[in-house]
Amino acid sequence: MAAVARPIRLIAGFITVGFWTLASRILGFVRDILIAAYMGTGPVAEAFFIAFSLPNMFRRFFAEGAFNTAFVPMFSKKLEAGENPLGFARDAFSGLASVLIVLTLVAQLVMPWLVLAVAGGFAGDVRLELAVDMGRVAFCYILFISLAALASGLLNATGRFAAAAAAPILLNLILIAALILAESGAVSGVTFGVETPTTASLTGLHHGTLLVWGTVLAGIAQLALVWVVAARLGFRLVPGWPRLTPDMRKLAMIMLPAMLAAGVVQVNLLVGRQVGSFFDGAIAWMSLADRLYQLPLGVVAIAIGIVLLPDLSRRLQAGDTIGGRDALSRAGEISLALTVPAAVALCVIPTPLVSVLFERGAFTADDTAQTALALAAYGLGLPAFVLQKVLQPLYFAREDTRSPFRFALVAMVVNAVVAIGLSFFIGFIGAAIATSVAGWAMVWLLLRGKRDMGEVARFDDRYRQRLGRIVLAAFIMGLGLVIAATALSPLLGTPGWRYLALLVLVLCGLALYGIAGQLLGAFRLSEFSSALRRR
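Residues numbered from 1 in each chain as written. Predicted model: local features only at pLDDT ≥ 70, side-chain atom pairs only at ≥ 80, totals over all residues. Heavy atoms only, no water.

Visitor: Tell me what's going on with the side chain of Ser329, and back it up with residues and numbers.
Guide: Tracing the sequence through the fold places Ser329 in helix H11 (residues 321–348). A polar atom in the side chain of Ser329 sits 3.0 Å from the backbone nitrogen of Asp460. Contacts of Ser329, omitting those with residues within four sequence positions, involve Arg458, Phe459, Asp460 and Tyr463. (Helix = DSSP H or I, 4+ residues; strand = E, 2+ residues; numbered from the N terminus. Polar contact = N/O pair within 3.5 Å; in protein donor to acceptor, adjacent residues only side chain to side chain. Contact = heavy atoms within 4.5 Å.)

Right under this line is the structure:
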């Protein structure tokens, strides 16, 4: 009889992570709406987006990307086998903290070069001075958020998803509070000392200053939340002097290719930002478009990836092939059922989405048009980004980080060639298109690479049957959205009414997709309700 692992409740975990991620993303929208309204797309906004991107970029090396890619499967297997998972987690926590402290100190010294590496177009510009000052403060965020990500990975491996998924809400709440505090004028004297004759005309300088300090406070709050929850579960992560144990050596060996792969992904983002930095306003346009398409990506793909990796790791440890294949197939099916229609919507109604959400105050109609173009380009790659999150756990659960690294190298070359090549013809939009093209290239390579993994890595018949039906239902929804957007066009441009009009448009799309999907057999609503009852 085949072995069966102690299962992580895939659907229940997905719903938990998805719910809290959705709440965080909605608050993120509120945050970005306020940034757009108070700061516009000028030098301060662009400098903040670059400064904020730096700790998040390195975080993907040391925490959510490379480190947790190696840590979560090893911890999950130790937990399954009862091989002192707490001792392993404490050693990992101490080692990661030591590396991050050194990295943060070095970053303070080389911050001007870091900013130029990300946004070369800032050279000789007030944006460089602003980004360096903001970057030095914001970079401290990496220490707290990376340690929080490790603790979150530990919680996810035990099947406790709520606290880790809810932690990002604290970031958005604190940054929203910082923006409101700045707008109130209660602490009006707090600004970075920028040495330029145009300081008075830098829209939102005060807001940007409070935002970066709020970022550091948010990192501390996020770490405190997940640390306390982990301690209550018996995993008290007390830092100590780092030790190079056999497990830590193994962790480092698995982590190294994952770090290189994460580096390749960051190079892709770097190419996009470098291209955008040579076009005034493009950094802000791309950042806001990224926020919109990250909503379905975060709610669905990240949720699936977080839940699927520890589940597959534990099933492989127990030799549960049938359960592993079912988990993979259901993850792929649910992901595409939710994100293919989202991708279609981003491509066919980007302008109403951007206009209603962001066009106010310092954010103009021209900003809307440019952001909508970037959003549609990102939307083309949304299903690819989701499929990556479904397919990569097949490799990571086997502690294979080398293959994804090789695939990422190919995707990096594709991204650079397309982004730089198209920028000469269509400007910054070329970088957004390149992101989507590289995403699909990565999916193709991951699909090819899993062919020798056996039955556990093959999607089942139900997945293959429903894939085409999902695409057809989303296509029908897209046609309906175009018709509805045309009919609602006058209201979408009318102050006050445009919010209701966008809500009606979104609800029409949801209803049409739900009906079409149900009739075509793309999904069964009863399956979702049944999964909820089994939570």
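Visitor: Tell me about helix H15 (residues 402–426), and please be specific about residues and values.
Guide: Given a rise of 1.5 Å per residue, 25 residues ought to cover 36 Å, and the 35 Å separating the end C-alpha atoms of H15 matches this to within 8%. Listing the buried residues of H15 in full gives Ser403, Pro404, Phe405, Phe407, Ala408, Ala411, Asn415, Ala419 and Ser423. Backbone geometry just after H15 places Gly427 at a positive phi near 70°. (Expected span 1.5 Å × (residues − 1). Buried < 20%, exposed > 50% of the residue type's maximum accessible area, 1.4 Å probe, protein only.)

Visitor: Report on the environment of Asp461, specifying residues and quantitative values.
Guide: Within the secondary structure, Asp461 sits in helix H17 (residues 461–487). Overall, the relative accessible area of 47% leaves Asp461 in the partly exposed class.

Visitor: How would you summarise the environment of Val390 if you had to cite specific residues and measurements?
Guide: Counting through the fold element by element, Val390 comes out in helix H14 (residues 382–396). Using a relative accessible area of 0% as the deciding quantity, one classes Val390 as buried. Taking C-alpha positions, Val390 is 8.1 Å from Ser335, a pair spaced 55 residues apart along the chain.

Visitor: Can you tell me about helix H6 (residues 141–157), naming the residues and giving the values?
Guide: End to end, H6 covers 24 Å across 17 residues, agreeing with the expected 24 Å (1.5 Å per residue, within 8%). A positive phi of about 85° marks Gly159, the residue just after H6.

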